[in-house]
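Structural features, examined
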Amino acid sequence: MGNYSIVVLDFETTGLSPDYGDRVIEVGAVLIQDNEIVDRFQSLMNPGKRISSFIENYTGITNEMLKSAPPVAEVMERFASFISQHHLVAHNASFDRRFLDSELRRINLQRSQEFACSMLVSRRLYPEAPSHSLESLVNYKKLKTTGVYHRALADAEMTGHLWIGMINDLKSSFQIDAVPFSVMQSLSKISKAATAGFLKRVAEEQLSQAISSAPRTSASRPRRNEAPAAETGQQPTARKESKAMKVIAINGSPRKKWNTATLLEKALAGAKSSGAEVEIVHLYDLNFKGCQSCFACKLKNGASYGTCAMNDDLTPLLEKIAAADAFVLGSPIYFGTVTGEMRSFMERLFFPYLAYTRPPTTLFKKKIRAAFIYTMNVSEEMMAQNNYPVHINLNEAVLARTFGAAETLCSFETLQFEDYDKVVFSYCDPHERKKRHETVFPDDCRKAFELGERLVQPLP
Ligand SMILES: Cc1cc2nc3c(=O)[nH]c(=O)nc-3n(C[C@H](O)[C@H](O)[C@H](O)COP(=O)(O)O)c2cc1C
């Protein structure tokens, strides 16, 4: 987590705002150290007035229960020592912060710690979640729960598990070694579109610090977006010493020698340098269609359950991927997302493995690494402004959920034309583009090579 501890807290209250005289009636909190809950605090509090029947029904806390509870001031004194100087976290923190500050003021204390909001962070980290309410996130992330909601300690405990889960997801998805509180705070403030770029910068800064302080070994390289085996029920593919691993690249660009294909070849070269057998397949060479919605892959006891029943040029490729030890997809960005051929291919690859259970599970039997390389005309900033990360992050999440682990590489402001003099083009300076192709693109190639090396690393 980082070298700090936090208190995750939750208040039940008489109403929505201390500005209208509302008071706290219950506090619950957990202390997290080293990403583990190590202590808890819970108490009902007598606010000195009756609570409404709505609040009684909502929380299960009755006027009867509050009658015998200690006064708010007494509990808040003890709670102030529990939170001590720890950073504070709450779900929808502005609500709890207002009540905490108001109650502390009433006993002549003032909060000095920083607050972070788990709901705001979760919106950036899990934009695809159906909702970011605590209950919905608990279901979505399959977090530990007693099933009790709107009681302070139960809510604080679930928020604590959410926080720990987000820290773990950040570490595995973005190669972030330690997640300082300041990173979580920044995450809750930046725009969703800027999130991927921000996290990438954090990871790069940490990586360059690690590189400058210790020699890097391929075994110690951080991995991204790895769903734990326990979650997916998949078996890790152990690195085979005797038999070479098979890695397949799938090129979703119509051009077989340009940016996307070049980066895919580099990734394969990286995998090959680590002993893998490699192959590249160009989708535009194949005759195939996207998913026909026949649902043969979903039929109970169906012969094709979990596999695509269509028979065309994609059939042998899908079989190869099922037998592979890792694979990497590559696509240019066309109108904000992958090319049409890549999209059709993804439907055919992903859908048969999707089991419509609640929550959805994967029917892919192994656990292997996957990666996606994108090339595009725009800069990294424009990519974020244009919301490309919505598709890119979703694709990475689907790959990780379906196959076990996934990572993404983007190459920006690529060289698009052989000779810019022959085309109508005033979008940017062609000389700058050429220069970038000579200076920055080789670095993208190096990153692709390293991605290929990582593809053949064993999964935990
Ligand atoms: C039909 C088409 C649509 C494109 N749309 C976008 C786009 O929306 N955003 C972008 O950044 N680049 C766009 N591009 C540029 C390509 O993504 C970029 O040049 C890419 O690197 C081409 O990959 P390739 O060299 O492997 O063919 C588009 C190119 C074409 C041909």
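Residues numbered from 1 in each chain as written. Predicted model: local features only at pLDDT ≥ 70, side-chain atom pairs only at ≥ 80, totals over all residues.

Things to note about the environment of His431
Put simply, the test is: Think of it this way: any DSSP run of H or I at least four residues long counts as a helix, any run of E at least two long counts as a strand, and we number them from the N terminus. Residue burial here comes from a neighbour count, namely the number of other C-beta atoms, placed from the backbone, that lie within 10 Å of the residue's own C-beta, with 20 or more meaning buried, 12 or fewer meaning exposed, and in between meaning partly exposed.
Relative to the helices and strands, His431 is located in helix H16 (residues 430-439). Using a count of 9 C-beta atoms within 10 Å as the deciding quantity, one classes His431 as exposed. In the structure, His431 is positioned 88 residues away from Arg343 in sequence and 33 Å away in space, judged by C-alpha atoms.

A few points about the domain arrangement of the chain
Just so we agree on the cut-off: The split into domains, and so the bounds of each, comes from an automatic or database assignment of domains.
Entries for the chain in the domain assignment read domain 1 (5-189) and domain 2 (233-455). Using only C-alpha atoms to locate each centre, domain 1 and domain 2 end up separated by 41 Å.

As for the confidence of the model for the chain
For clarity, the cut-off: Confidence of the predictor in every single residue is expressed as pLDDT, which spans 0 to 100. Throughout, a residue-residue contact means that the two C-beta atoms, derived from backbone geometry, are no farther apart than 7 Å.
Looking at the chain as a whole, the pLDDT averages 89, with 92% of positions reaching at least 70. Long-range and interchain partners of residues 215-242, a stretch whose pLDDT sits below 50, account for 59 contacts in this model, where long-range means more than four residues apart.

So, the packing of helix H5 (residues 118-125) against helix H7 (residues 152-174)
For any two helices packed against each other, the geometry comes down to the angle between their axes and how far apart the axes lie. The cut-off we apply is this: Note on definitions: angles span 0 to 180 degrees between N-to-C directions of axes, and those axes are lines fitted to C-alpha atoms, for helices only across the stretch in contact. Handedness of a crossing is defined here by the sense of rotation of the near helix relative to the far one, left-handed for an anticlockwise turn of less than a right angle and right-handed for a clockwise turn. Basically, the charged four are Asp, Glu, Lys and Arg, the nonpolar ten are Ala, Val, Leu, Ile, Met, Phe, Trp, Tyr, Cys and Pro, and anything else, Gly included, counts as polar.
Between H5 and H7, whose axes approach to 11 Å, the crossing angle comes to 35°. Our pair here, H5 against H7, has a crossing hand that is left-handed. Facing H5, whose interface residues are Ser118, Val121, Ser122 and Leu125, H7 presents Thr159, Leu162, Trp163, Met166 and Asp169. Considering only residue class, the contact of H5 with H7 consists of 5 nonpolar, 3 polar and 1 charged.

Re the nonpolar core
In plain terms, the rule: To count as a nonpolar core, a set of buried Ala, Val, Leu, Ile, Met, Phe, Trp, Tyr and Cys residues must be joined through C-beta atoms within 7 Å.
Within the largest apolar cluster, 110 residues are counted, with the highest numbers of intra-cluster contacts made by Val8, Val27, Val247 and Ala267. Among the elements that take part in this core, H7 stands out by supplying 11 residues, more than any other. A domain-level breakdown of this core finds at least three residues from each of domain 1 (5-189) and domain 2 (233-455). Setting aside its immediate chain neighbours within four residues, Val247 contacts Leu268, Ala271, Ala276, Val278, Ala324, Asp325, Ala326, Phe327, Leu455 and Val456.

Remarks on H7
This is how it is decided: Helix span is expected to be 1.5 Å times the residue number reduced by one.
Taking 1.5 Å per residue, 23 residues should reach 33 Å; H7 reaches 32 Å between its end C-alpha atoms and fits that length. Most of H7 is tucked away, with 19 of its 23 residues classed as buried. In the segment just after H7, Gln175 is the residue with positive phi, at about 55°.

A closer look at the site of the ligand
To be explicit about the condition: Throughout this description, a residue near a molecule or strand is one whose C-beta atom, derived from the backbone, lies within 6 Å of it.
What surrounds the ligand is a group of 17 residues, the closest being Trp258, Thr260, Pro332, Met376 and Asn377. Tallying contributions element by element places helix H11 (residues 259-273) first for the shell around the ligand, with 3 residues. Residue composition of the shell around the ligand, grouped by class: 8 nonpolar, 8 polar and 1 charged.

A few points about the sheet that holds strand E4 (residues 87-90)
To keep things clear, this is the line we draw: Two strands are said to pair when DSSP picks up at least two bridges between them.
In spatial order, the strands read E3-E2-E1-E4-E5; together these 5 strands make up an open sheet with mixed pairing. For this open sheet the edge positions go to strand E3 (36-44) and strand E5 (115-117), each flanked by a neighbour on one side alone. Taking each pair of neighbouring strands and ignoring which way they run, the sheet shows an average axis angle of 25°. When strand E1 (residues 5-13) meets strand E2 (residues 24-33), the two strands line up antiparallel, connected through 9 bridges. Across the sheet, the residue bridging to Val8 is Val30, located in E2. Helix-sheet contacts for H5 involve E4 and E5, and the interaxial angle to E5 is about 45°. Lying on the sheet, helix H8 (residues 181-189) is in contact with E1, E4 and E5; it crosses E5 at an angle near 50°.

Details of H11
Note that an α-helix has 3.6 residues per turn; residues three or four places apart therefore point the same way. If you check H11, its first and last C-alpha atoms are 21 Å apart, about what 15 residues at 1.5 Å a residue would give, namely 21 Å. Residues of H11 that are buried: Asn259, Thr260, Ala261, Thr262, Leu263, Leu264, Glu265, Lys266, Ala267, Leu268, Gly270 and Ala271. Along its buried surface, H11 packs onto strand E7 (246-251), strand E8 (277-282), strand E9 (326-332), strand E12 (366-375), strand E13 (404-411) and helix H17 (441-455). Among the residues trailing H11, Gly275 stands out with phi positive, at a value near 95°.

A short note on the packing of H11 against H17
Rules: Orientation is classified from the angle alone, with under 35 degrees giving roughly parallel, over 145 giving roughly antiparallel, 65 to 115 giving roughly perpendicular, and any other angle giving oblique.
Direction vectors running N to C along H11 and H17 enclose 45°, while the axes themselves pass 6 Å from each other. Compared by their axis directions, H11 and H17 come out oblique. Note that H11 runs across H17; the crossing there is right-handed. Taken together, the residues of H17 that come into contact with H11 (itself represented by Thr262, Leu263, Lys266, Ala267, Leu268, Ala269, Gly270, Ala271 and Ser273) are Asp444, Cys445, Ala448, Phe449, Glu450, Leu451, Gly452, Glu453 and Leu455. Class assignment of the residues belonging to the contact of H11 with H17 gives a composition of 10 nonpolar, 4 polar and 4 charged.

Digging into the environment of Tyr427
Following the sequence through the fold, Tyr427 ends up in the loop between E13 and H16. Sequence separation of Tyr427 and Asn377 is 50 residues, and the distance between their C-alpha atoms is 9.9 Å.

What about unusual backbone geometry?
In most cases, non-glycine residues show a negative phi, while peptide bonds are predominantly trans. Backbone torsion omega between Arg358 and Pro359 reads 0°, so that peptide bond is classified as cis. Positionally, Pro359 belongs in the loop between strand E10 (354-355) and strand E11 (361-362). Positive phi is not limited to glycine here, since Asn92 has a value of about 65°. Within the fold, Asn92 resides in the loop between E4 and helix H4 (93-106).

Focus on the environment of Glu279
Mapped onto the secondary structure, Glu279 falls in strand E8. Taking the C-beta count within 10 Å as the criterion, Glu279 has 15 such neighbours and is therefore assigned partly exposed. For the pair Glu279 and Glu114, spaced 165 residues apart in the sequence, the C-alpha separation amounts to 52 Å.

Considering the pairing of E1
With 8 of 9 residues buried, E1 lies mostly within the body of the structure. With 3 bridges joining them, E1 and E4 adopt parallel strand pairing. Note that in E4 the partner of Val8 across the bridge is Val89.

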